[in-house]
Amino acid sequence: MPARRTMFIAALVALVLGIIMNSYHYSLEGARGLYVWHPLLALKILLFMGLVPISIAIVSLPLEKLAKKWPMLVMRWISMAASILVGAVSIALLAFLIIVPRIGSLEPARLELIDPAKGIHALGTQPAEASFSAGTTNKGAAQPGIALQQPQSAALQPAIIAQARSPLDMPLLRLSFSSDPHWGADTSNAQARTQILESIAQRKPDAFFMLGDTVETGNSATQWNFALSDLEALIPHVPVRPLLGNHDALFGGQYLYRKAFFPKGFSSDSGSPYYWSIDAGAATIVAVDLPWGTENFGARQRAWLEKTLAAADPHKPLIVLSHSYFYASGYDDPDFGSPWYDHYQNIPALVPLFEKYGVDLVISGHNHYQELLAHNGIAYAIVGSMGGIPDPQPSYRSPWSQWLAVSAFGWLDVEVLPGRLVLVFRDERGAERHRAELSY
Ligand SMILES: [Fe+2]
């Protein structure tokens, strides 16, 4: 028969193990959002299971006064069994979170990873094609600073291609952006992903930013190896800088993200591998760490962001990158009801800083669309179109949306020219889908 003291010690050990396991998971970068945006019943059970054995033990106390001893004994045995179960589950999950990301080895890949501390160096001012100088600008756009253009005609005229560009038309910097390739997901489109990387390699931008969800399940070394071998095969000479997405962060995936994309010797101005600013010569690029929302946007990151935005050169365009978006069209999650559109956390927490310090362009993923929005003179681009399963037709269209492509794969090119940015949303083969221009 378990003594009262034994029962309480076992229940307390189970409680402590449960607290350690949950605290470890909660402390992992990007894990907190899971509790908010995907509130699975299993997660709630794991959070509170440590309280079960101790509660049963407490309930057994008044039963000691009964003449019959069996009710007390039954409760003591149930408490003991619950303690063993909770303790075992806690230890197993802790081991899962720590060991699984570390058991598979990552194959080293030869990539031109951008070290945030070293910045980006424009390779030259010659564009990959002359299409940016073609087309007509619609100056009557709905939002200040954003000019929508007519889609480029499918056939570029040779005369236009051969046209010489004036210094004002020569890009100072050529950047490419895409997000959410989801290597390892059966539902992702590997062909589109490959075509996008091949097309980007042909265009040779000064830098390519992948804004997160590189893999479907972050703790799987196999999935990271898929991603690394494709990137090595397809864009070995394109300077690339990935961000951490919510899927990359799953179940201890931060370890593999850092191993793959932020190796020893890399550093950043913030001291974090997850948020940093990059001196890109003609532009300032600032990445914030918002895998789901603001769950990891604490006082330290906020102070760094404010200082960084305030110190940015006002003569250069200021471009902010993030995984989760700010303004976006979307839909309500069919399982959890989470609103996947105009982000209720990110907008109030960061947009006032963007507006105060003159951010010009914000580029994000997370929603699997291509979209262009504008609000208070800032352009917001959604580029979650690198192969992850397309999101459904949005049931909510953001009032700030200017252009939206659903079920469409591709990426975004941004050319920095004197006084203006040219944005071109492309399909997976590089054909122009939509273009816009904004002044800075
Ligand atoms: Fe995604």
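Calculation criteria
- Residues numbered from 1 in each chain as written.
- Predicted model: local features only at pLDDT ≥ 70, side-chain atom pairs only at ≥ 80, totals over all residues.
- Heavy atoms only, no water.
- Helix = DSSP H or I, 4+ residues; strand = E, 2+ residues; numbered from the N terminus.
- Contact = heavy atoms within 4.5 Å.
- Areas by Shrake-Rupley, 256 points an atom, 1.4 Å probe, with all protein chains shown as cover.
- Salt bridge = Lys/Arg side-chain N within 4 Å of Asp/Glu carboxyl O.
- Buried < 20%, exposed > 50% of the residue type's maximum accessible area, 1.4 Å probe, protein only.
- Donors = N, O, S within 2.8 Å, 3.2 Å for Na, K, Ca; no water.
- Tetrahedral: all angles 85-135°; square planar, octahedral: opposite > 155°, others 65-115°.
- Pairing = 2+ DSSP bridges.
- Axes fitted to C-alpha atoms, helices over the stretch in contact; angles between N-to-C directions.
- Lys, Arg positive; Asp, Glu negative; His and termini not counted.
- 1 Å grid on protein atoms, 1.4 Å probe; cavity = no way out; pocket = protein on both sides within 12 Å on 5 of 7 lines; lining within 4 Å.
- Points joined across faces, edges and corners; volume = space filled by probe spheres on them.
- Nonpolar A, V, L, I, M, F, W, Y, C, P; charged D, E, K, R; others polar.
- Domains from an automatic or database assignment.
- Expected span 1.5 Å × (residues − 1).
- Polar contact = N/O pair within 3.5 Å; in protein donor to acceptor, adjacent residues only side chain to side chain.
- Core = buried A, V, L, I, M, F, W, Y, C linked by side-chain atoms within 4.5 Å.

**What to know about the overall build of the protein chain**
When you go through the protein chain residue by residue, the secondary structure sums to eleven helices and 17 strands. A fraction of 74% describes how many contacts in the protein chain between residues 6 or more apart in sequence connect residues 24 or more apart. When the accessible area of the protein chain is evaluated, it comes to approximately 18400 Å², of which 62% is carbon and sulfur surface.

**Regarding the pattern of salt bridges**
Scanning all chains against the criterion turns up eleven salt bridges. Lys118 is the partner of Asp115 in a salt bridge, and the nearest nitrogen-oxygen pair spans 3.9 Å. For Asp115, a relative accessible area of 6% puts it in the buried group. Residue Glu432 is joined to Arg435 by a salt bridge in which the shortest nitrogen-to-oxygen separation is 2.9 Å. On the accessibility criterion, Glu432 (17% relative accessible area) is buried.

**What about the coordination of the iron ion?**
Around the iron ion, the protein supplies Asp180 (OD), His182 (NE2), Asp213 (OD) and His368 (NE2) as donor atoms, at distances of 2.1 to 2.4 Å. In this structure, the iron ion is coordinated by four donor atoms arranged in irregular fashion, with angles at the metal of 86 to 172°.

**Notes on the pairing of strand S16 (residues 420–427)**
Buried residues dominate S16, accounting for eight of its eight residues. Summarising the sheet, strand S15 (residues 410–417) and S16 pair through eight bridges and their orientation is antiparallel. Of the residues in S16, the one forming a bridge with Leu417 is Arg420. Once S15 ends, the chain turns through two residues before running back antiparallel as S16, passing Gly419 with a positive phi of about 80°. As judged from the seven bridges shared by S16 and strand S17 (residues 432–439), these two strands associate in the antiparallel manner. Considered in S17, the bridge of Phe425 is made with His434.

**Thoughts on the environment of Pro242**
As for its placement among the helices and strands, Pro242 is situated in strand S5 (residues 240–242). The buried category is assigned to Pro242, whose relative accessible area is 0%. Each C-alpha atom, one on Pro242 and one on Phe209, is 5.7 Å from the other, the two residues being 33 residues apart in sequence. In this structure Pro242 touches Leu113, Met210, Thr214, Tyr257 and Phe261, once residues within four positions along its chain are discounted.

**Here's the deal with the pairing of S17**
The buried count for S17 comes to six of eight residues, which makes it a mostly enclosed element. Where S16 folds back onto S17 in an antiparallel hairpin, the turn is made up of four residues, including Gly430, whose phi is positive at roughly 100°.

**Remarks on the sheet that holds strand S14 (residues 401–405)**
By definition, the strands of a sheet pair up through backbone hydrogen bonds, in either a parallel or an antiparallel sense. If you walk across this open sheet you meet the seven strands as S6-S7-S8-S11-S13-S12-S14, and the pairing is mixed. One side of each edge strand has no neighbouring strand; the edge strands of this open sheet are strand S6 (276–279) and S14. Averaged over all neighbouring strand pairs, the angle between strand axes comes to 15°, with direction disregarded. Where S6 lies against strand S7 (residues 284–287), four bridges are found, and the strand directions are antiparallel. Looking at S7, one finds that Trp276 is bridged to Ala287. The sheet strands contacting helix H10 (residues 299–311) are S6, S7 and strand S8 (318–322), and the helix crosses S7 at an angle near 170°.

**Some words on the side chain of Glu295**
Mapping Glu295 onto the fold places it in the loop between S7 and H10. Buried charge Glu295 goes without a salt bridge, the closest partner of opposite sign being Arg32 at 8.3 Å. Once residues lying within four places of it in the same chain are set aside, the contact partners of Glu295 are Arg32, Gly33, Val36, Trp37 and Gln345.

**Here's the deal with the layout of surface pockets**
The space that makes up the largest pocket amounts to roughly 550 Å³. In terms of lining, the largest pocket is formed by 28 residues, of which the most central are His38, Asn246, His247, Asp333 and Trp340. Here the lining of the largest pocket is composed, by residue class, of 13 nonpolar, nine polar and six charged. The residue makeup of the lining of the largest pocket includes at least three contributed by each of domain 1 (4–103) and domain 2 (131–439).

**Quick notes on helix H1 (residues 4–27)**
Side chains of residues three or four places apart in an α-helix project in the same direction, reflecting 3.6 residues per turn. With 24 residues, H1 extends 34 Å between its outermost C-alpha atoms, agreeing within 8% with the 34 Å of an ideal straight helix rising 1.5 Å per residue. When H1 is considered as a whole, its buried residues turn out to be Met7, Ala10, Ala11, Ala14, Leu15, Gly18, Met21, Asn22 and His25. Turning to H1, the residues buried within the fold contact helix H2 (32–37), helix H3 (41–48), helix H4 (51–63) and helix H5 (70–103).

**As for the side chain of Asp413**
Relative to the helices and strands, Asp413 is located in strand S15. Given the relative accessible area of 7%, Asp413 is considered buried. In this structure the side chain of Asp413 is engaged in a polar contact, spanning 2.8 Å, whose partner is the side chain of Trp411. Looking at Asp413, its side chain comes within polar contact range of the side chain of Arg426, at 2.6 Å.

**Some thoughts on the nonpolar core**
Grouped together as the largest cluster of nonpolar side chains are 67 residues, with contacts concentrated most on Phe261, Leu305, Phe326 and Phe354. With residues up to four places along the chain from it excluded, the contact list for Leu305 reads Val286, Val288, Phe297, Leu350, Leu353 and Phe354. Within the second largest apolar cluster, 35 residues are counted, among which are Ile114, Ala207, Ala282 and Ala283.

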